[in-house]
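# Summary of structural features
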Amino acid sequence: MKYNKFRSMGTNQINQQPFQCTVTPGVPDLLAELNISLVVTTYQANALIVLSPFEGGLIQLLRRFQKPMGIAVDDRDGISRRLAVATQHEVILLKNDPRLGDLGPNAGSYDAMFAPRGLFFVNEVFIHDMAWIGGELWTVNTLFSCLSTLDTEFSFVPKWQPPFISELAPEDRCHLNGLAAVDGEPVWVTALGSTDTAIGWRENRVNGGVLINVPENEVVITNLPMPHSPRVYDGELFFLISLTGELVRADTDRGTYERVAQLPGYVRGLSRCGDYLFVGMSKLRPGRSMGNLPIDPDRLKPGLGIVHLPTGNVTGMISYETDCEEIYDVQVLSGMRRPGVIGLEGDAFRSALSTPERSFWGKPPEER
């Protein structure tokens, strides 16, 4: 598979050219044709990355967050309206205000602008996947082995826990990680074990993973090598088997699955647009011993794989050469070719002001 060099642009927060990438031909044209950008989190590198088609190539926008993991995108009428990012201690809510794209630095360069508008202090509960469900943000609370929601009075509100978890405790008993919603309800979750003791899942982390039906409170598939990222597309359930590098389709009636595509990475993070699935890929963490693995750790690539769903072919790759070794989540930003994101570092978030009637780009007090 041939690669072209990836075009990387810095930000006012990053004064060098980190996160060097290569991209296979055709990927920029595909994103432009789909009229999308991609947003990626890498908690290993403390960064949120937006990937967009730009002048026949790709451009990446980097924003620093402390250990970002799960991303939730709220799409309405084919356009991404809200973005939620889970970090080490907070969940940050960002609202798309395209008017801000015409103001401030690089005015006129963006067709969307996500500005921080809410902050929930959840502490270090290791939030993994998140999803907007019925207008409410649901989170996979890994430390407490439950699904929970956000609240202004409490750290979180527990909503559901697996049938094998006997009590709510900050012990990461099963490493609950993935969440799929269907018709406004949480339906499928993945976990790395079905254990009920503190960090018990580590005893059989290679083959102890499970897929669970939330409404039925039932384990449906067992013996999975580190499953992540369940998603329902056109009535079919897909998920990733991280340790084998596989995208699979589940047969929940039989408790089985079939491989759709093989990717050269520890796979985690899955999103879709049209006929294409975007899959996050990582290297294994240095020093992590997993025993005999079905994939060669030395050949794993960090980045994104693009799968053509009707055929199962891997039609494109974005591979990181420097700085980034682990991807947690990838989500599609719909209806935008060059979205901007305002982070919490620097002064930009203090200047981005909005009212229902109009937006402003104000200067910090020390510059007035």
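As shown above, the structure is provided for reference.
The structure presented is a predicted model; accordingly, all values stated were derived computationally and were not measured.

Each value, and the rule that gives it
Residues numbered from 1 in each chain as written. Predicted model: local features only at pLDDT ≥ 70, side-chain atom pairs only at ≥ 80, totals over all residues. Heavy atoms only, no water. Helix = DSSP H or I, 4+ residues; strand = E, 2+ residues; numbered from the N terminus. Contact = heavy atoms within 4.5 Å. Phe/Tyr/Trp six-rings, centres within 6.5 Å; stacked < 30°, edge-to-face > 60°. Buried < 20%, exposed > 50% of the residue type's maximum accessible area, 1.4 Å probe, protein only. Lys NZ or Arg CZ within 6 Å of the ring centre and 35° of its normal. Core = buried A, V, L, I, M, F, W, Y, C linked by side-chain atoms within 4.5 Å. Pairing = 2+ DSSP bridges. Axes fitted to C-alpha atoms, helices over the stretch in contact; angles between N-to-C directions. Salt bridge = Lys/Arg side-chain N within 4 Å of Asp/Glu carboxyl O. Patch = residues over 30% accessible without salt bridge, like charges linked within 9 Å, V, L, I, M, F, W, Y side chains within 5 Å. Areas by Shrake-Rupley, 256 points an atom, 1.4 Å probe, with all protein chains shown as cover.

### Remarks on the environment of Phe120
- Inspection of the secondary structure assignment puts Phe120 in strand 9 (residues 112-121).
- For the pair Phe120 and Phe144, spaced 24 residues apart in the sequence, the C-alpha separation amounts to 17 Å.
- Not counting residues up to four positions away in its chain, the partners in contact with Phe120 are His89, Glu90, Val91, Leu93, Leu150, Asp151 and Thr152.

### Some details on the packing of aromatic side chains
- Overall, the coordinates contain 4 aromatic pairs when judged by the stated rule.
- Plain terms: the ring middles of Phe19 and Tyr320 are 6.3 Å apart, the flat faces sit at 85° to each other, and that makes the pair edge-to-face. Of the two residues, Phe19 is situated in the loop between strand 1 (4-5) and strand 2 (21-23) and Tyr320 in strand 25 (residues 313-320); the sequence distance between them amounts to 301 residues. Accessibility assignment for this pair places Phe19 and Tyr320 in one class, buried.
- Centroid distance Phe144 to Phe156: 4.9 Å. Interplanar angle 55°. Geometry classified as tilted. In this pair, Phe144 is assigned in the loop between strand 11 (136-141) and strand 12 (146-149) and Phe156 in the loop between strand 12 and strand 13 (157-160), connecting sequence segments 12 residues apart.
- Exposure remark for Phe144: the relative accessible area of 16% places this residue in the buried category.
- The ring centre of Trp132 lies 3.8 Å from the NZ or CZ of Arg82, which sits over that ring.

### Section: the nonpolar core
- Formed by 25 residues in total, the largest nonpolar core has its most connected members in Phe19, Leu38, Ile49, Leu51, Phe278 and Ile318.
- For this core, the elements supplying multiple residues, two or more each, are strand 2, helix 1 (27-34), strand 3 (36-42), strand 4 (47-54), strand 5 (57-64), strand 24 (303-308), strand 25 and strand 26 (329-334).
- Core analysis: the next-biggest nonpolar cluster, separate from the first, contains 23 residues, Leu48, Phe65, Val85 and Leu100 among them.

### A closer look at the sheet that holds strand 26
- Pairing in this open sheet of 4 strands is antiparallel, and the strands run 5-4-3-26 from one edge to the other. Each end of this open sheet is capped by a strand with a single partner; those strands are strand 5 and strand 26. Shown here is a sheet whose adjacent strand axes are inclined to one another by a mean of 25°, direction ignored.
- In this sheet, strand 26 lies alongside strand 3 in antiparallel orientation, the contact comprising 6 bridges. Bridge pairing in strand 26 places Ser37 opposite Leu333.

### Re the sheet that holds strand 14 (residues 176-182)
- The strand order across the open sheet built from 4 strands is 14-15-16-17, with neighbouring strands paired in antiparallel fashion. Single-partner strands in this sheet number two, and they are strand 14 and strand 17 (218-224). Pairs of neighbouring strands in the sheet enclose a mean axial angle of 20°, with direction left out of account.
- Sheet analysis places strand 15 (residues 185-191) next to strand 16 (residues 209-213), joined by 4 bridges and oriented antiparallel. Within strand 16, the residue paired with Ala191 across the bridge is Val210.

### Side note on unusual backbone geometry
- Located in the positive-phi region is Ile199, a residue other than glycine, with phi close to 50°.
- Summarising the element assignment, Ile199 is placed in the loop between strand 15 and strand 16.
- Although it is not a glycine, Asn217 adopts a positive phi angle of roughly 55°.
- Its place among the elements puts Asn217 in the loop between strand 16 and strand 17.

### Considerations on the pattern of salt bridges
- Counted according to the given criterion, the structure contains 16 salt bridges.
- Between Asp74 and Arg76 there is a salt bridge; the shortest N-O distance is 3.4 Å.

### Considerations on a nonpolar patch on the surface
- A cluster of nonpolar side chains, contributed by Leu119, Phe121 and Leu344, occupies part of the molecular surface with about 290 Å² of accessible area.
- Structurally, the position occupied by Leu344 is in the loop between strand 27 (339-341) and helix 2 (348-351).
- Judged by relative accessible area, Leu344 falls into the partly exposed class, the value being 36%.

### Considerations on the pairing of strand 25
- Across 3 bridges, the pairing between strand 2 and strand 25 is antiparallel. The partner of Val23 across the bridge, within strand 25, is Ile318.
- As paired strands, strand 24 and strand 25 are joined by 6 bridges and run antiparallel to one another. Across the sheet, residue Ile306 finds its bridge partner in strand 25, namely Gly316.
- As consecutive antiparallel partners, strand 24 and strand 25 are separated by 4 residues, and within that stretch Gly312 has a phi angle of approximately 80°, a positive value.

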